[in-house]
Amino acid sequence: MPEQQLLSADRFFSADPGQRRVARELYDAIAELPIVSPHGHVDPTLLANENATFGTPADLFIIPDHYVFRMLYSQGVPLESLGIPRVDGGAAEADHRKIWQTFAENFYLFRGTPSGAWLAHELYEVFGIKQKLNGATAQATYDELVDKLARPEYSPRALFDRFKIEVLCTTDGAADSLEYHKAIKESGWKGVVRPTFRPDAVVNLLTAGWRSNLDKLGEVVGREITTARELISALEERRAFFKSMGTTSTDSGVETPYTEALSPAEAEAIFARALAGLATAEDARRFTGYMMIEMARMSVEDGLVMQFHSGCYRNHNPLVFEIFGADKGHDIPVETEWVHNLKPLTDRFGNDSRLTLILFTMDETGYSREMAPLAGHYPALKLGPPWWFQDSLNGMARYFDQVMETAGLYNTVGFIDDTRAFVSIPARHDVWRRASANWLAGLVVRGLIDMEDAAVMAPDMANGLARRTFKLG
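Note that the structure is a prediction, hence the values are computed from the model and not measured. (Residues numbered from 1 in each chain as written. Predicted model: local features only at pLDDT ≥ 70, side-chain atom pairs only at ≥ 80, totals over all residues. Heavy atoms only, no water.)

1. Points about the overall build of the protein chain
The secondary structure content of the protein chain amounts to 20 helices and 11 strands. Along the three orthogonal principal directions, the C-alpha set of the protein chain runs to about 75 × 60 × 45 Å. Burial statistics for the protein chain: of 473 residues in total, 56% are counted as buried. When contacts within the protein chain are restricted to residue pairs at least 6 apart in sequence, long-range pairs at least 24 apart make up 76% of them. Entry remark: accessible area of the protein chain is about 19,400 Å², with carbon and sulfur atoms responsible for 52%. Taking the 48 positively charged and 64 negatively charged side chains of the protein chain as two groups, their mean positions are separated by 3 Å. (Helix = DSSP H or I, 4+ residues; strand = E, 2+ residues; numbered from the N terminus. Buried < 20%, exposed > 50% of the residue type's maximum accessible area, 1.4 Å probe, protein only. Contact = heavy atoms within 4.5 Å. Areas by Shrake-Rupley, 256 points an atom, 1.4 Å probe, with all protein chains shown as cover. Lys, Arg positive; Asp, Glu negative; His and termini not counted. Charge placed at Lys NZ, Arg CZ, Asp CG, Glu CD.)

Below is the structure:
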């Protein structure tokens, strides 16, 4: 008989009995609160049609989730064998049972990792899978999942409601038509799905396909973009359109948080070199830094919250990038410096409470040294939660220890799941809620706060901070 999978009711809580008891009490009060998901990468097509499905178990758990296939690739499992599509349309495994078997045989690799915790939650809590997943149980588990995925109660919209998702925000390019968001709005379904404005493809001059991305943006706004000023005008126009479709925030991803107040003449000269195919890496760095200040200026004027993701070396593995493209799990943290890099922006807008600028980093060494002091001073700045490699139990604990004493809880923004894997959303939020309850319980048992304070802070950490910061009330 297959070994049964069990999830401890006290998972992620302290081994200390007193702290564990308080953590359990705090967690029980927030466990079933609605989920506010203000930033992520779920495909809105999943929710645009009431008849949409997740496809096969491989479609759901493996092929779109770089957290999963990144680990398998690290152990020598070819991405082609997992059905990951190639850029050139070359052969990749099409038998999803074989893909699932490979995944199951290697499932032990996820023991003790955040992905392992999320996957166990998804299988057990969402789909009621009782047996542990391994090579021997792979096909029986696959059959059980196929059966359940065919049922109406396991459709994307049904699970959206079951997960108690109050609002879900996607990530959408500046030239996106938002047709699927429009379809959701017009369908009569009551789920709230909002787009997020992401201009990276036209702001970062060395992005692959930058010129074609710029041309697409020009087509959408109905005019050719030949100057930096025209690019800024087009982005302002698109932001207004996104806002009319329910957008409350923007997102920018940069390797370093460099900002620079270029003169108009300098910005135009760099843009002209980019149009001629002559932009250098230094040009791109300076222009992106200039555009981050412009994005902040736009947010002051139109009220959209600005997210700033930094500290990530994208597409580090050139072989994987060439064959499979971007977002395939080969992002690597890099060291970041915030005090000097962000100063041109904070000099101009840091004291303006009309701006909400949320800082994210994959370099957690800067939390206590730079980011918490900055957010603990400037009215415009907030700290985003642990991101990517730090989105884990230990990453959250380190984050709480490094930022809360200096920045204070209310200069942070709660939790952001940042996921492409829709069914992992409740699992990720559950880890955060348990970690938050455990951290608060530690403050209670050490006498830093009392239970009355903790009982107010816990729901703020669960969804209140995110709801208010992202203007999703």
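2. Focus on the layout of surface pockets
Its volume calculated, the second largest pocket comes out at about 720 Å³. Lining of the second largest pocket is provided by 30 residues; of these, R111, G112, G116, A117 and A120 occupy positions nearest its centre. A per-element tally of the lining of the second largest pocket places helix 6 (residues 114-126) first, with 6 residues. Of the residues belonging to the lining of the second largest pocket, the class tally is 15 nonpolar, 9 polar and 6 charged. (1 Å grid on protein atoms, 1.4 Å probe; cavity = no way out; pocket = protein on both sides within 12 Å on 5 of 7 lines; lining within 4 Å. Points joined across faces, edges and corners; volume = space filled by probe spheres on them. Nonpolar A, V, L, I, M, F, W, Y, C, P; charged D, E, K, R; others polar.)

3. Some details on the side chain of D460
Relative to the helices and strands, D460 resides in helix 20 (residues 451-469). At 2.9 Å, the side chain of D460 and the side chain of Y410 are in polar contact. Apart from the residues lying within four places of it in its own chain, the contact partners of D460 are Y410, L465 and R468. (Polar contact = N/O pair within 3.5 Å; in protein donor to acceptor, adjacent residues only side chain to side chain.)

4. Regarding the side chain of E122
Locating E122 in the fold gives a position in helix 6. Buried charge without a salt bridge: E122, with R428 as the nearest opposite-charge side chain at an N-O distance of 6.0 Å. Apart from the residues within four sequence positions on either side, E122 is in contact with F61, F127, V423, S424 and A427. (Salt bridge = Lys/Arg side-chain N within 4 Å of Asp/Glu carboxyl O.)

5. Here's the deal with the pattern of salt bridges
Counted under the stated rule, the structure contains 32 salt bridges. Here E166 makes a salt bridge to R467, at a shortest N to O gap of 2.8 Å. In this pair, E166 sits in strand 2 (residues 165-169) while R467 sits in helix 20, placing the two residues 301 residues apart along the sequence. Judged by its relative accessible area of 28%, E166 is partly exposed. A salt bridge links E236 to R297; the nearest nitrogen and oxygen atoms lie 2.7 Å apart. Residue E236 is located in helix 12 (residues 228-244), and its partner R297 is located in helix 14 (residues 281-302); the two are separated by 61 residues in the primary sequence. Here R297 falls in the buried class, since its relative accessible area comes to 10%. Via salt bridges that share partners, R229, E236, E294, R297 and E301 belong to a single interconnected network.

6. Quick word on the pairing of strand 6 (residues 249-253)
Where burial is concerned, most of strand 6 is hidden: 5 out of the 5 residues are buried. Neither face of strand 6 is open: one carries S249, D251 and G253, the other T250 and S252, and all of them are buried.

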